[in-house]
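Read off the chains here:
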Amino acid sequence: MALASATSRVMMLSRRTARARRATTVAGRTRTTAVTTTATAATATATRGCVARAATTRATTRGRGCAVAARASEGPTFVTTPIYYVNDQPHIGHVYTSTVADAYARYRRARGEDVFFLTGTDEHGLKVEQSAEKRGIEPQALADENSQKFRDVMTAYDISFDEFIRTTDDYHERQVRALVKVLQEKDAVYLGRFEGWYDEGQEEYYTESKAKELDYKSPISGKDMVRSSEENYYFRLSKFQKELEALHADNPDFLTPSARRNEMIGRLNEGLNDVPISRTNFKWGIPMPDDEKHVIYVWIDALMNYITAIGLGDGKDSIVYADRSKYWPASMHIMAKEISWFHSVIWPALLMALDLPLPQRVHAHAFWIREGRKMSKSLGNFVDLACMDRFKEHYGLDAMRYYLAVEGPIGAQDANFSAERVQEIYSSDLVNTMGNSVSRTTAMINKYFDGEVRSEEANGARVTFDNWDWPARTSAHVQDALTAYDKLDLPRAAAAAKNIVMDVDLFITETEPFRMAKDESKSAELAACLYQCLEALRIAAVLLEPLMPNKMAEFDAGVGLGEGSIAQRTKWGGLKPGTKVEKLALFPRVEGLDENGHPVKT
Ligand code: MSP
């Protein structure tokens, strides 16, 4: 995969059908900016980096400022997690964000969409260099070791990523240099001098006023900032002030939840300064093009992973570009709130500077906390991987995924991790509701019909029971669940599926199939009743599949989840009469664990 002839080549997706090529001369040599479209490429028109796209008509509408691409529902889908720092050990936070992104990616695949799901590791920077030095190994060796740990976690927690990018991958590094060069050529990056304050832990610079406001202490670690003066390359962030304001003002769904958006609008109102994007105090990074004593700031390097993974920093000759450029703009960048500034201000500005369309949505969820306190190294209260693994072993992977999804900090509120709640949710939602309803229904089908699902029809018409219009009832819950998934409201999606199961329980209580079984003349009614129970459970299972893919695969093997997209499979009537089912026990009853995932001592 060769780098395109000019390293400065950036491909821009456009809805124009013809390919237009402009040749401009920059710094004495010819630079070609290709503006291209393929039939499959996302349709978008970039206007100073701002994109508007109508969802169904595919017409371009331009708002008063920047608008965000609204992709036609069946278009390619691109979902991302943050790339995780290799100097941290994986913990519940990483597992959580990846699980949320995974459920969303699985949901979009279930809708029949072409999904590209990206995760990976962020491997450069001073901290990695220092940690490696402490251990007496090369930074690359440390990065290899820890990146592998994150990859293993993703596999162990069934994260269905399509690519695991590493910022030390050659194809990423060369594209970052190419992209930074384009920024320089467009005069979005210049050489300047910084005087101010530096947060060594976060590798972040602060102006005098901001540092003063923070009492010259890192807002993350609390450590003193250090006075710093150095020559750096700067990104002209200030130039994008108006566009960024318009982006957030005009697109309330660009950054969610709204608390984060309000925060960003507040920060934007304070005014933007240009930001240094290079460092000279360490070596472990990607060198600036044509000035190797500077390395590219780790955040610029990291953010660009979202477009290098799909080849946008390469040229049209690159295989990665050919295969993946259609996925831009990203449908959803998912992360936690501490990095929303980088994703909803710096990143859009970089994309504007590169004349690339903006992502459709950035979702910055809140934090997992413990006993009301932030998880931190100093407090030693992380739900670390070993602890997570103990819960996973005990309850099963899908049960833990379900717990994370329904109790997690998906919105603006932090969420407490609590062993007691894990046990409660597991027992109430999974054992006593879904599990119990499935085992009861399949047991009755075995007992009364030798395990064969019969038809719900008698004399050519559906047998119905008072107040039980199942097709309408399930359809309302399905709509609720699908809308919730679309919005990334996983707790609500799960609740909609659970409501179907609770309806089945109520239906059994009201219709009393065990009584019907005692009366031979009610055989057709009994068959219809059990069909309706199992059919409703099948629909609930289809809705739960993005959250619990393994358990629902067991349901699929035992009963069948149906064929086609999620919309097709959740239509009433997908369960085939004549299907043979065995009694299915999905969730065994288990004892609770203590806060660290160990058996409770009695
Ligand atoms: N490398 C950067 C991201 C670059 S993306 C271009 C980074 N890495 S990180 O390893 O620190 O991961 C941060 C992310 O991990 C958060 O944004 C979030 O997704 C997840 N979490 C880390 N701690 C968390 C909690 N306590 N709770 C929930 N998620 C958290 O930042």
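This structure is a prediction, so every number in the text was calculated from the model and none was measured.

## Examining the nonpolar core
1) Next: Judged by nonpolar contacts, the single largest core of 103 residues is most densely connected at W368, F391, F417, L547 and F555.
2) Next: Contact partners of F555, with chain neighbours within four places excluded, come to V438, L534, L537, R538, A541, G560, L561, L584 and L586.
3) Next: Judged by nonpolar contacts, the second largest core, of 62 residues, contains L118, M264, I307 and V345.

## With respect to the pairing of strand β9 (residues 189-199)
1) Next: With ten bridges joining them, β9 and strand β11 (residues 226-235) adopt antiparallel strand pairing. Residue Y190 lies in a different strand from β11, and its bridge partner there is Y234.
2) Next: The pairing of β9 with strand β10 (residues 204-206) spans three bridges and is antiparallel. Within the sheet, the bridge partner assigned to D199 lies in β10 and is E204.

## Focus: the packing of helix α7 (residues 258-269) against helix α11 (residues 340-353)
1) Next: Viewed as axis vectors pointing N to C, α7 and α11 meet at an angle of 55°, and their least axial separation amounts to 11 Å. Between α7 and α11, the crossing angle belongs to the class labelled oblique. In the crossing of α7 with α11, the sense of the turn from one axis to the other is right-handed. Residue-level inspection shows R260, E263, M264, R267 and L268 of α7 in contact with α11, the latter providing S340, W341, S344 and V345.
2) Next: Of the residues in the contact of α7 with α11, the class split is four nonpolar, two polar and three charged.

## Structural notes on the packing of helix α6 (residues 241-250) against α11
1) Next: At their nearest, the axes of α6 and α11 sit 10 Å apart, and the two run at 120° to each other. The pairing of α6 with α11 is recorded here as oblique in orientation. Along this stretch, α6 crosses α11, giving a crossing that reads as right-handed. In contact with E243, L244, L247 and H248 of α6, α11 contributes S344, V345, P348, A349 and M352.
2) Next: Of the residues belonging to the contact of α6 with α11, the class tally is six nonpolar, two polar and one charged.

## Quick word on the site of the ligand
1) Next: With respect to spatial proximity, 25 residues lie near the ligand, and among them I83, Y85, T97, D122 and W368 are the closest.
2) Next: At 2.9 Å, a backbone N or O of Y85 approaches an oxygen atom of the ligand.
3) Next: Within the side chain of E338, one N or O atom sits 3.1 Å away from an oxygen atom of the ligand.
4) Next: For the ligand, the accessible surface in isolation is 670 Å², of which the surrounding protein chains cover 94%.
5) Next: For the shell around the ligand, the secondary structure elements donating two or more residues are β6 (77-85), α1 (92-110), α8 (298-303), α9 (305-308) and β17 (332-336).
6) Next: With four residues, β6 is the single largest residue contributor to the shell around the ligand.
7) Next: Grouping the amino acids of the shell around the ligand by side-chain chemistry returns 15 nonpolar, seven polar and three charged.

## Regarding the pattern of salt bridges
1) Next: The tally for this structure, following the rule as stated, stands at 37 salt bridges.
2) Next: For E263, the salt bridge goes to R260, with nearest N and O atoms at 3.0 Å. With E263 and R260 both in helix α7 and three residues apart, this pair spans about one turn of that helix.
3) Next: Judged by relative accessible area, E263 falls into the partly exposed class, the value being 37%.
4) Next: Residue R260 is classed as buried on the basis of its relative accessible area of 8%.
5) Next: Of the charged contacts in the structure, one is a salt bridge between R421 and E407, with a shortest N-O distance of 2.8 Å. In this pair, R421 sits in helix α14 (residues 419-449) while E407 sits in helix α13 (residues 397-407), placing the two residues 14 residues apart along the sequence.
6) Next: Owing to a relative accessible area of 31%, R421 belongs among the partly exposed residues under this scheme.

Thresholds applied
Residues numbered from 1 in each chain as written. Predicted model: local features only at pLDDT ≥ 70, side-chain atom pairs only at ≥ 80, totals over all residues. Heavy atoms only, no water. Core = buried A, V, L, I, M, F, W, Y, C linked by side-chain atoms within 4.5 Å. Buried < 20%, exposed > 50% of the residue type's maximum accessible area, 1.4 Å probe, protein only. Contact = heavy atoms within 4.5 Å. Pairing = 2+ DSSP bridges. Helix = DSSP H or I, 4+ residues; strand = E, 2+ residues; numbered from the N terminus. Axes fitted to C-alpha atoms, helices over the stretch in contact; angles between N-to-C directions. Parallel < 35°, antiparallel > 145°, perpendicular 65-115°, else oblique. Left-handed = near helix turned anticlockwise from the far one by under 90°. Nonpolar A, V, L, I, M, F, W, Y, C, P; charged D, E, K, R; others polar. Near = heavy atom within 4 Å. Polar contact = N/O pair within 3.5 Å; in protein donor to acceptor, adjacent residues only side chain to side chain. Areas by Shrake-Rupley, 256 points an atom, 1.4 Å probe, with all protein chains shown as cover. Salt bridge = Lys/Arg side-chain N within 4 Å of Asp/Glu carboxyl O.

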